[in-house]
Amino acid sequence: MTVYNFSAGPAILPKSVLKKAQEELLDYQGSQLSVMEMSHRSSLYESIINEAEQRLRQLMAIPENYHVLFLQGGASLQFSAIPLNLLGKNSKADYIDTGIWSEKASKEAQRYGDINVIKAAT
């Protein structure tokens, strides 16, 4: 029986992806290290992140004049990480309030800048 997870957070991965991860867990591409053990500054890890960015750009049609940020943490952490990283001192931003999560995001962002909240039509 196959179990499907449709909740927020972790998602189901194709069996082929899980199988490849299993095969490379102890020795990623002959490095004798797992991805979890290698330095994020190493050339091997750099190639992983560069490939991930290029695939994401292709999948989502992200133009080269846009930056792609890979940030750790869950959604709630991003409520502060995004304004801290993208707002300069005394910066302004517009947030669209579409519900509970955007309301939480805009409230957190107000700690870091002049935030204009636009209420979405219901």
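Structure's up top.
Residues numbered from 1 in each chain as written. Predicted model: local features only at pLDDT ≥ 70, side-chain atom pairs only at ≥ 80, totals over all residues. Heavy atoms only, no water.

1. Observations regarding the overall build of the protein
At step 1: Within the protein, the regular secondary structure consists of four helices and two strands.
At step 2: In sequence order, the secondary structure elements of the protein are arranged as α-α-α-β-α-β.
At step 3: Over its C-alpha trace the protein gives a radius of gyration of 19 Å, far above what one expects of a compact globule, namely 14 Å for 122 residues.
At step 4: In terms of its C-alpha atoms, the protein occupies a principal-axis envelope of roughly 50 × 40 × 25 Å.
At step 5: Burial statistics for the protein: of 122 residues in total, 17% are counted as buried.
At step 6: When the accessible area of the protein is evaluated, it comes to approximately 10,100 Å², of which 56% is carbon and sulfur surface. (Helix = DSSP H or I, 4+ residues; strand = E, 2+ residues; numbered from the N terminus. Rg over C-alpha atoms; globule rule 2.2 N^0.38 Å. Buried < 20%, exposed > 50% of the residue type's maximum accessible area, 1.4 Å probe, protein only. Areas by Shrake-Rupley, 256 points an atom, 1.4 Å probe, with all protein chains shown as cover.)

2. What about the pairing of strand E1 (residues 92-97)?
At step 1: The side-chain alternation of E1 yields one buried face, formed by Ala93, Tyr95 and Asp97, and one unburied face, formed by Lys92, Asp94 and Ile96.
At step 2: Strand direction decides the pairing type here: E1 and strand E2 (residues 114-119), joined by six bridges, are parallel. Paired with Asp97 across the strands is Lys119, a residue of E2. (Pairing = 2+ DSSP bridges.)

3. Notes on the side chain of Ser34
At step 1: In this structure, Ser34 sits in the loop between helix H1 (15-24) and helix H2 (43-60).
At step 2: Under the relative-accessibility criterion, Ser34 is labelled buried at 5%.
At step 3: If near-sequence neighbours (up to four positions away) are discounted, Ser34 is found in contact with Leu25 and Leu26. (Contact = heavy atoms within 4.5 Å.)

4. Some points on the nonpolar core
At step 1: Counting residues in each nonpolar core, the largest one holds seven residues, listed as Phe79, Leu87, Ala93, Tyr95, Ala105, Ala109 and Ile115.
At step 2: Of all the elements in the fold, those that place two or more residues in this core are E1 and helix H4 (100-109).
At step 3: Setting aside chain neighbours within four positions, we find Ala109 in contact with Phe79, Pro83, Tyr95 and Ile115. (Core = buried A, V, L, I, M, F, W, Y, C linked by side-chain atoms within 4.5 Å.)

5. Brief notes about a nonpolar patch on the surface
At step 1: A contiguous nonpolar surface patch, about 380 Å² in accessible area, is contributed by Leu69, Leu71, Ile82 and Leu86.
At step 2: Tracing the chain through its elements places Leu71 in the loop between H2 and helix H3 (75-86). (Patch = residues over 30% accessible without salt bridge, like charges linked within 9 Å, V, L, I, M, F, W, Y side chains within 5 Å. Salt bridge = Lys/Arg side-chain N within 4 Å of Asp/Glu carboxyl O.)

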